[in-house]
Amino acid sequence: MPGAKQGNIQGATIVDALDTLYIMEMKEEFKEAKEWVEKNLDFNVNAEISVFEVNIRFVGGLLSAYYLSGEEIFRKKAVELGEKLLPAFNTPTGIPWALLNIKSGIGRNWPWASGGSSILAEFGTLHLEFVHLSHLSGNPVFAEKVMNIRKVLNRLDKPEGLYPNYLNPSSGQWGQHHVSIGGLGDSFYEYLLKAWLMSDKTDEEGKKMYYDAVQAIETHLIRKSSGGLTYIAEWKGGLLEHKMGHLTCFAGGMFALGADGAPNDKTGHHIELGAEIARTCHESYDRTSMKLGPEAFRFDGGVEAIATRQNEKYYILRPEVIETYMYMWRLTHDPKYRQWGWEAVEALEKHCRVDGGYSGIRDVYNNQESHDDVQQSFFLSETLKYLYLLFSEDDLLPFEHWVFNTEAHPLPILHKDDRSKEENQK
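- By the naming in an unreviewed UniProt entry, the protein chain is alpha-1,2-Mannosidase, taken from Grus japonensis.
- UniProt, in its Sequence similarities (unreviewed entry) section for the protein chain, records the words "Belongs to the glycosyl hydrolase 47 family."
- You can read under Cofactor (unreviewed entry) in the UniProt record for the protein chain the words "Ca(2+)".

Structural data, given as structure tokens:
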């Protein structure tokens with residue numbers, strides 16, 4: 001009917017927080033959330049959704065809830081939602097649309113994206129979840145869709161070995177040559193490494209793509225400020241913008257997680273790189289009044305690790321810096337990472353705690369709090385989970401058995417013996 005309000009999938013905060021509740025042993029709340037999912041989680045809505053966001057928050061959240069609790073409802077809902085996302089791949093190349101109406105199956109891209117392109121961090125951040133959907137449903141189509149994305153990327157020429165943020169799903173050609181390890185690029189690189197780890201280190205293609213990409217990133221994007229801070233710049237057609245986003249701070253943890261498999265004795269170097277990024281991101285927090293980091297910070301005009309634009313001074317409860325502390329702690333056990341994590345806890349309690357939960361902050365450099373009155377679902381899914389893991393023993397979700405999706409949802413490593421067993425049962 002004309003003018004009908006467009007719906008959305010309800011319950012993002014509940015689904016995103018399921019595994020956090022389980023890990024924190026909040027059994028009563030988990031049971032209530034499970035009952036909500038059974039009764040109310042409905043995907044038959046006339047809504048245009050972000051394929052990426054629905055995948056990482058809803059599919060990821062449901063998969064983890066299933067793997068942790070064994071409750072069949074979560075597996076059933078995850079697979080049902082996965083099937084609803086499949087029409088997004090109906091493009092000439094199989095590179096999916098960014099937006100999908102889940103009732104009609106009609107897809108399109110963000111109107112602002114370079115020449116009708118799909119975005120690297122969006123279509124590149126489906127791999128882990130879709131491999132698990134095939135594993136749990138016995139339907140190979142999910143894994144085939146994401147393997148095809150790899151195939152398209154592999155046959156393209158990469159400028160200087162870098163992956164541009166924009167790829168046209170009709171022509172299969174790159175859009176603008178912008179490269180970022182922050183928003184628009186970030187989790188593509190994370191998922192190359194984690195696909196290899198999740199495959200029990202059998203996905204050699206993912207491994208090679210990751211380490212080759214890191215090599216190009218080191219050559220072209222990683223720089224050191226005059227004050228000695230290592231940062232990751234943004235590349236715009238060969239010109240560097242000396243800005244680093246809060247989102248980019250996840251890369252410290254990624255480099256450390258990938259250190260063990262690094263080629264030619266580079267393990268120590270990758271750990272060091274992770275530690276340097278962690279230090280820079282800690283500085284971005286430490287140089288504010290509230291001891292919480294801005295959305296983006298710059299290294300130019302004598303400024304280091306400080307936001308210079310008003311529209312980059314906000315903090316929306318993002319997890320990436322704490323995520324990196326957690327990885328660095330697990331992989332080095334240097335006590336400073338727990339100390340830095342505790343500074344963040346104290347700042348969150350002091351500045352973000354409000355009657356109804358936790359709120360983002362409009363300007364972290366101001367002494368007066370101006371709350372944005374939003375508690376993002378990733379605050380419960382990621383920020384609090386990574387803090388809890390930072391202060392827990394290493395045997396809670398150990399890295400040898402679990403890989404975290406980009407929304408901090410733990411997915412089990414598919415050990416070689418598990419896979420052959422599953423295939424024999426089919």
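After presenting the structure, the write-up continues.
1. Comments concerning the UniProt feature "binding site: Ca(2+)" (unreviewed entry) in the protein chain
Here is step 1: Here, the residues flagged by UniProt with the feature "binding site: Ca(2+)" (unreviewed entry) are Thr-406.
Here is step 2: The buried category is assigned to Thr-406, whose relative accessible area is 15%.
Here is step 3: Those residues in contact with Thr-406 that lie beyond four places of it in its chain are Ile-56, Thr-125, Ser-187, Glu-190, Tyr-191 and Glu-382.
Here is step 4: A distance of 2.8 Å separates polar atoms of two side chains, one belonging to Thr-406 and the other to Glu-190.

2. Some words on the packing of helix 12 (residues 320-332) against helix 14 (residues 377-390)
Here is step 1: Direction vectors running N to C along helix 12 and helix 14 enclose 20°, while the axes themselves pass 9 Å from each other. With respect to each other, helix 12 and helix 14 are oriented roughly parallel. For the element pair helix 12 and helix 14, the recorded crossing hand is left-handed. Residue-level contacts link Ile-322, Glu-323, Tyr-325, Met-326, Trp-329 and Arg-330 of helix 12 to Glu-382, Thr-383, Tyr-386, Leu-387, Leu-389 and Leu-390 of helix 14.
Here is step 2: Here the contact of helix 12 with helix 14 is composed, by residue class, of eight nonpolar, one polar and three charged.

3. As for unusual backbone geometry
Most peptide bonds take the trans configuration, and most residues that are not glycine carry a negative phi.
Here is step 1: Despite not being glycine, Asn-264 has its phi angle at roughly 40°, a positive value.
Here is step 2: Phi is positive for Leu-397, which is not a glycine, with a value near 55°.
Here is step 3: Take Leu-397: it is sitting in the loop between helix 14 and strand 15 (402-404).
Here is step 4: Judged by its relative accessible area of 6%, Leu-397 is buried.

Cut-offs used in this document
Residues numbered from 1 in each chain as written. Predicted model: local features only at pLDDT ≥ 70, side-chain atom pairs only at ≥ 80, totals over all residues. Heavy atoms only, no water. UniProt positions renumbered as here; feature names shortened; annotations may be inferred. Buried < 20%, exposed > 50% of the residue type's maximum accessible area, 1.4 Å probe, protein only. Contact = heavy atoms within 4.5 Å. Polar contact = N/O pair within 3.5 Å; in protein donor to acceptor, adjacent residues only side chain to side chain. Axes fitted to C-alpha atoms, helices over the stretch in contact; angles between N-to-C directions. Helix = DSSP H or I, 4+ residues; strand = E, 2+ residues; numbered from the N terminus. Parallel < 35°, antiparallel > 145°, perpendicular 65-115°, else oblique. Left-handed = near helix turned anticlockwise from the far one by under 90°. Nonpolar A, V, L, I, M, F, W, Y, C, P; charged D, E, K, R; others polar.

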